[in-house]
Amino acid sequence: MTSATIRPASDYPPGGDAFRHRHLTGIAQLTPWEISYILDAAEQWVELNRAGAAKHDDALRGLTIINAFFENSTRTLLSFEIAGKRLGADVVNMHAAQSSVKKGETLIDTAMTLNAMRADAIVIRHQSSGAVQLIADKVDCPVLNAGDGRHEHPTQALLDALTIRRRLGRVEGLTIAICGDVLHSRVARSNILALTLLGNEVRVVAPPTLIPPAMERMHVRVFTDMDAGLDGADVVMMLRLQNERMDGAYLPSPREYHALYGLTPQRLAKAKPDAIVMHPGPMNRGVEIDSNVADDPARSTITEQVEMGVAVRMACLDILTRRTRKVPGWN
Amino acid sequence: MELKPLLVENARLLGGDTGRLLAVDGRIAARDPADVPADAERVDAKGQWLAPGIVDLGVFATDKPAFHFGGITRAALMPDGGHPLDHPGMVERAAKGGKPDLWVHPLAAATKGLAGKELAEIGLMKASGARAVATGRARIADAGVMRRVLVYAASLGLTVIAHAEDEGLTAGAVATDGEMATRLGLASAPAIAEAMAVARDLMLVRETGAPLHFRQITTAAALDLIREAKAKGLPVTCGITPAHLFLSDTAIGDFRTFARLSPPLRSEEDRHACLAAIADGTIDVLASGHDPRGPEDKRLPFAEALPGMAGAETLLAMGLQLVRDGHVTPARLFDLLAANPAKLLGLDAGTLAEGMDADLILIDEGTPWQVDAKKMAAWAGNTPFDGMPVQGRATAVWKGGQRIR
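Cut-offs and rules
Residues numbered from 1 in each chain as written. Chains lettered and ligands numbered in written order. Predicted model: local features only at pLDDT ≥ 70, side-chain atom pairs only at ≥ 80, totals over all residues. Heavy atoms only, no water. 1 Å grid on protein atoms, 1.4 Å probe; cavity = no way out; pocket = protein on both sides within 12 Å on 5 of 7 lines; lining within 4 Å. Points joined across faces, edges and corners; volume = space filled by probe spheres on them. Nonpolar A, V, L, I, M, F, W, Y, C, P; charged D, E, K, R; others polar. Contact = heavy atoms within 4.5 Å. Buried area = accessible area lost by both parts, 1.4 Å probe. Salt bridge = Lys/Arg side-chain N within 4 Å of Asp/Glu carboxyl O. Pairing = 2+ DSSP bridges. Helix = DSSP H or I, 4+ residues; strand = E, 2+ residues; numbered from the N terminus. Patch = residues over 30% accessible without salt bridge, like charges linked within 9 Å, V, L, I, M, F, W, Y side chains within 5 Å. Areas by Shrake-Rupley, 256 points an atom, 1.4 Å probe, with all protein chains shown as cover.

The next subject is empty space enclosed by the protein. All names here are of chain B. Going through the model one piece at a time under the given rule, you end up with two cavities of 30 Å³ or more. When its volume is computed, the largest cavity comes out at roughly 150 Å³. Around the largest cavity sit 14 residues that line it, and Arg 215, Gln 216, Ser 262, Gly 289 and Gly 308 are the ones nearest its centre. Classifying every residue of the lining of the largest cavity by side-chain character gives four nonpolar, seven polar and three charged. Together, Val 174, Ala 175, Thr 176, Asp 249, Ile 252, Ala 259, Arg 260, Leu 261, Pro 264, Leu 265 and Phe 302 line the second largest cavity. Looking at side-chain class alone, the lining of the second largest cavity contains eight nonpolar, one polar and two charged residues.

Next up, the structure:
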């Protein structure tokens, strides 16, 4: 199923024209064929990662990648670290908790410091929307956004698109329901951009207190009724609900949220019979998603998303460092 | 040094008819005088416009180079540019901060520490030179406190200058609700936060009869309320800065922190409503909102940057653009920039009438120039108009008949 979805290289512009960006700051900067190009490139890394003991390619040998995470993260950091190492790069992690950021150094000064260390790529996560763009404007090497505030989390959207494509054979013409805390979610924003761009019908299903203003201007249909929102969906994409949203400010309680918006087997039955269930993790079992839905291998793609995450990040690191590595056609 | 009489000749007075203006002993003596003192210093304006110096209502810093560049001769200083101006001694010191070449009129903090709880010593601050009372960057949340501030200031003959945003709706917000804020992932608040604050304060004005000025009104809904209140004869006025007349929230795209303002930039519909309100007289004051911010405050992620723009240098040029675009006449522009704010502050200034202080500017209204954040006279170049081609600038400035530029 997967090989049929990969386009031949001749479908893309030659060399560096296939992906013209120096950084990956958001899906908003990408064209549909650039997204497709990354997904196709990721397929080979899926194969390598599954190929047994020797999961190593030395395409990025000698390159230094800094993962600068100003916000706590376990899985995304790990995913980027593994991606870099599988490509043979030297990967260094910088945690904000241990850094001079806590001592009052400005973000720009931190960026200049990283730049002076001659990184070949910097992966950044930051709690403030736009922070990654700010750093990208100041450094000489490619910058990858690993999540900035509520703004974007492009590699998550790419790995989700790859997961859908591999499961359902395509990632166009589908009905996809994104459910939960859309207001505070960068995963939702990047996915809305990517999935609408690729030609899917995207729905947003959320309590009215967690729907961003002017949501429909991003070409989605908005539902506050979960059953109606899931009706006929090919993909049900759940979002993580932060505990602090459920203390009364946005939602009355976890149990009320579960009653109205939790993904139960009964609710999932509203979607298409073969609909898949996605979640970026980490899950709040029993709140936004029931365990028997999350753990159903026929429906749930949650572990596959994690696997695709490594492959997509390998593809992004490979593509963005081709100019540095003087890959023919990339200058 | 003895001050010679000043005669400006061949000038278009307020951008209108060509004439002459005589100032003697620091005051305007006559338009088109029959007799000119023999020792008068004669200035040939060569057809440039002669206007009263700009009275900039509500600035956050005494930034003389920027004010001189912008033709601003009087600056009404907000009480929260630095430490709150809530004490007579601080007001007195702030008032002296412009000497000798700039009038600074401090605005007294309405409440102690601008905390919105206890009345500040408004009477003593008036005696120290405060010309009006202001709530600062935020409104007074407690309606009871606001009511007492209004009646107390009114009894002293002072207008209260208020900020208009409902703090509940705007808590944590850095932009106006809309597609731009949603796409950028910025916390935003509905535009009606402004009208809600205006509605409350208009009720207080209706009940107390106390004069109130909203420093910045930027939305259609709030302007409608003010228009209606004025029609009923309530003592209400309002102002705006050029940012909300020329920019909408699309300007915050790419997370441009120079476009992070308070109140935040609004929708294109609201911007057009502001232009209509400038034209129909609902808006009384055009001010710079001058709030220079260095990179430590602006070169940050959008939500972490502080709001504010360095507006003093672009105020006149943007005002002239309103004239060129046909929204206002030149005479009305100088009402917005000088006469109306001077009246609000109780100053003998702001017009070219006989007896007024001879605060004057010559304006070359047509010369094009480009706004450049890196080459500003202000101590910081945080202008949302960076790179914009504009026309017109002050070429000469007099304060009390004394040439200062």
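Another aspect to go through is the interface of chain B and chain A. Taken residue by residue, the interface counts 17 residues in chain B and 21 residues in chain A. Together, the buried faces of chain B and chain A total about 1500 Å²; carbon and sulfur atoms form 60% of this surface. When the buried area of chain B at its contact with chain A is split by residue, Thr 182, Arg 183 and Arg 299 of chain B rank highest and sum to 37% of it. A salt bridge links Glu 179 of chain B to Arg 217 of chain A; its shortest N-O distance comes to 3.0 Å.

On to the sheet that holds strand S8 (residues 103-109) of chain B. All names here are of chain B. One open sheet holds the eight strands; their spatial order is S6-S7-S8-S9-S10-S13-S14-S15, and the pairing between them is parallel. A strand with exactly one partner marks an edge of an open sheet, and here the two such strands are strand S6 (54-59) and strand S15 (285-286). Note that strand S14 (residues 236-240) and S15 share two bridges and pair parallel. Bridge pairing in S15 places Gly 239 opposite Val 285.

Looking now at a nonpolar patch on the surface. Among the surface-exposed residues, Leu 169, Ile 192 and Met 196 of chain B lie close enough to one another that they form a single nonpolar patch of about 240 Å² accessible area. Looking at the secondary structure, you find Met 196 of chain B in helix H7 (residues 192-208).

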